[in-house]
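# Structural features, examined
Residues per chain, in single letters:
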Amino acid sequence: MWTLISKIVDLILPKRCKNCGKIIYDDDALCEDCFNQINFISAPYCFHCGMPFEESSNRSGPTLLCPACAAEKAPWFRLCRSAVHYDDASKPLVISFKFYDRTDNVRLLAKWLNMAGKDIWRAGVDVLVPVPLHYTRLIKRRYNQSALLAKELSKITGVPVEYSALVKHKRTRPQVEFSGRRRKHNLRGAFKLKHAERIKGKKIVLIDDVLTTGSTLKECAKALQVGAPESIDLLTVARVCKD
Ligand SMILES: [Zn+2]
Ligand SMILES: [Zn+2]
């Protein structure tokens, strides 16, 4: 009976590619053309920061580090991973999800997060923490895209989400208006840990949609450190990978 109902629903509301809208057979997916355009981040990449290496090699594992991570004495995060390159192919999906109410993209993007996070899950985690929005922006946008991602990822992984321990208490200009050091300056002191007891001794995964320079995640991590978590990992859907 249910199969028949779902067949009828499919006829009335066919499944569509999340990117171009072409009719497809899978739920929460892309058509073959759009999928083939997506540039997934794959090995070889730095085991610590997740930055992909240019050379083609199947080497991977904890010993493979980029020069910056190899020289880093006191890293501010444990592991960082992103699913895809932030480029012309992935941008429409991320932007429409973030700004244009395409919250239905969340199931596809959370699946990608789960795949990209395999080293993080293996290392062990206790809680997902989405990058918070200032309440004025939340009212304007009506949803926090990072919180939706964390919620959906939690359904897949079973790792709980902590929504309110970390807050954005300072209103800032959108990061896209700045570059380099000014991005850092714009966010200084913007985040605050409201409930330190909820993250004390926990292995945290910070969730966001895009990793550009890392300023946002670094400011969030700084605020979280006040609560003495055991570790902080970073997991984003897309990442700007410089050549
Ligand atoms: Zn498509
Ligand atoms: Zn690295």
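Note: the structure precedes this text.
A brief look at the structure comes next.

As a further point, take the coordination of the zinc ion (ligand 1). Within the protein, the zinc ion (ligand 1) binds to Cys 17 (SG), Cys 20 (SG), Cys 31 (SG) and Cys 34 (SG); these donor distances fall in the range 2.3 Å. Coordination at the zinc ion (ligand 1) comes from four donor atoms whose angles at the metal span 104 to 115°, giving a geometry best classed as tetrahedral. Donor residues binding the zinc ion (ligand 1) come from one chain and are separated in sequence as C-x2-C-x10-C-x2-C. One end of the pair, Cys 20, is in the loop between helix H1 (2-12) and helix H2 (32-37); the other, Cys 31, is in the loop between H1 and H2, and 11 residues separate them in sequence. Cys 20 gets classed as partly exposed once you look at its relative accessible area, which sits at 46%. Looking at Cys 31, the relative accessible area reads 3%, which means it is buried.

Another aspect to go through is a nonpolar patch on the surface. Nonpolar side chains collect at one region of the surface, where Leu 4, Ile 8, Ile 12 and Leu 13 lie side by side and expose about 430 Å² of accessible area between them. Here Ile 8 shows up in helix H1. Among the residues examined, Ile 8 registers a relative accessible area of 42% and is labelled partly exposed.

As a further point, take the coordination of the zinc ion (ligand 2). Here the zinc ion (ligand 2) is held by Cys 46 (SG), Cys 49 (SG), Cys 66 (SG) and Cys 69 (SG), and the distances to it run 2.3 Å. With four donor atoms in place around the zinc ion (ligand 2) and angles of 103 to 115° between them, the coordination shape is tetrahedral.

With that settled, consider the layout of surface pockets. As a volume, the largest pocket reaches approximately 1,000 Å³. Lys 98, Phe 99, Arg 137, Arg 141 and Gln 175 are the residues nearest the centre of the largest pocket, which is lined by 39 residues in total. Every element with two or more residues in the lining of the largest pocket is listed here: helix H4 (91-99), helix H7 (135-141), helix H8 (145-157), helix H9 (181-187), strand S5 (203-211) and helix H10 (215-225). A per-class count over the lining of the largest pocket returns 15 nonpolar, 12 polar and 12 charged. What the second largest pocket holds in volume is close to 580 Å³. When contributions to the lining of the second largest pocket are tallied by element, the ones reaching two or more residues are helix H3 (67-71), H10 and strand S6 (231-239). Considering each element in turn, the lining of the second largest pocket owes the most residues, three residues, to H3.

Calculation criteria
- Residues numbered from 1 in each chain as written.
- Chains lettered and ligands numbered in written order.
- Predicted model: local features only at pLDDT ≥ 70, side-chain atom pairs only at ≥ 80, totals over all residues.
- Heavy atoms only, no water.
- Donors = N, O, S within 2.8 Å, 3.2 Å for Na, K, Ca; no water.
- Tetrahedral: all angles 85-135°; square planar, octahedral: opposite > 155°, others 65-115°.
- Helix = DSSP H or I, 4+ residues; strand = E, 2+ residues; numbered from the N terminus.
- Buried < 20%, exposed > 50% of the residue type's maximum accessible area, 1.4 Å probe, protein only.
- Patch = residues over 30% accessible without salt bridge, like charges linked within 9 Å, V, L, I, M, F, W, Y side chains within 5 Å.
- Areas by Shrake-Rupley, 256 points an atom, 1.4 Å probe, with all protein chains shown as cover.
- Salt bridge = Lys/Arg side-chain N within 4 Å of Asp/Glu carboxyl O.
- 1 Å grid on protein atoms, 1.4 Å probe; cavity = no way out; pocket = protein on both sides within 12 Å on 5 of 7 lines; lining within 4 Å.
- Points joined across faces, edges and corners; volume = space filled by probe spheres on them.
- Nonpolar A, V, L, I, M, F, W, Y, C, P; charged D, E, K, R; others polar.

All quantities given are derived from atomic positions and should not be read as evidence of function.
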